[in-house]
Amino acid sequence: MEQYGRREKEEIFTKAVRAGKRTYFFDVKVTRNGDKYLTVTERKRKVNQLSGQFYYEKHKIFLYKEDFDKFTAGLLAALNFIKTGRLTEEESKIFDNIDDFELRDHLNDQDVEDNF
């Protein structure tokens, strides 16, 4: 299917998870080259304060198979930290590979987000 001059990616699997005001969509898609990747979309229903109309705010991330292991390790470490308040030595090693500039940029982004 063509959409705005680009070939739309083929979706081969989808799973929706409702969580309160949010819905998460896990979609597996295939590129023209046959590579599979995952999109995770967070959709949140909101109300326009002026018009009273409902609309959906969406955020999306793309995960490619070469990143699955690192992403999964990072996610599990973060979830473990939330549950236990600490990281294991093995989990700490995951974050040792993050470039200092990248981490500083991320922390600065967090400060900006926290002010909104």
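Refer to the structure presented above.
Everything quoted here is computed from the prediction, not taken from an experiment.

Trainee: Lay out the side chain of T41 with the relevant residues and their values.
Mentor: Looking at where T41 falls in the secondary structure, it is placed in strand β5 (residues 36-47). The exposure class of T41 is buried, given its relative accessible area of 8%. When sequence neighbours within four positions are dropped, the list of residues in contact with T41 reads T23, Y24, F25, K58, H59 and K60.

Trainee: Which residues make up a nonpolar patch on the surface, and what values do they have?
Mentor: On the surface, a cluster of nonpolar side chains totalling about 550 Å² of accessible area is made up of I61, F71, L75, L76, L79 and I82. In terms of residue count, helix α1 (residues 68-84) provides more of the nonpolar patch than any other element does, five residues in total. By relative accessible area, L79 is classed as partly exposed at 40%.

Trainee: For the sheet that holds strand β4 (residues 22-30), give the residues involved together with the corresponding values.
Mentor: Pairing within the open sheet is antiparallel, and its four strands lie in the order β3-β4-β5-β6. Each of the sheet's edge strands pairs with one partner strand only, and the pair in question is β3 (10-19) and β6 (54-64). Sheet twist, expressed as the average angle between the axes of neighbouring strands with direction ignored, equals 20°.

Trainee: How would you sum up the pattern of salt bridges? Please name residues and give values.
Mentor: Using the criterion set out here, one finds three salt bridges in the structure. One salt bridge in this structure joins K65 and D35, with 3.9 Å as the shortest N-O distance. Of this pair, K65 sits in the loop between β6 and α1 while D35 is found in the loop between β4 and β5, placing the two residues 30 residues apart along the sequence. The salt bridge involving K46 is made with E57; its shortest N-O contact spans 3.7 Å. Of this pair, K46 sits in strand β5 while E57 sits in strand β6, placing them eleven residues apart in sequence.

Conventions we followed
Residues numbered from 1 in each chain as written. Predicted model: local features only at pLDDT ≥ 70, side-chain atom pairs only at ≥ 80, totals over all residues. Heavy atoms only, no water. Helix = DSSP H or I, 4+ residues; strand = E, 2+ residues; numbered from the N terminus. Buried < 20%, exposed > 50% of the residue type's maximum accessible area, 1.4 Å probe, protein only. Contact = heavy atoms within 4.5 Å. Patch = residues over 30% accessible without salt bridge, like charges linked within 9 Å, V, L, I, M, F, W, Y side chains within 5 Å. Areas by Shrake-Rupley, 256 points an atom, 1.4 Å probe, with all protein chains shown as cover. Salt bridge = Lys/Arg side-chain N within 4 Å of Asp/Glu carboxyl O. Pairing = 2+ DSSP bridges. Axes fitted to C-alpha atoms, helices over the stretch in contact; angles between N-to-C directions.

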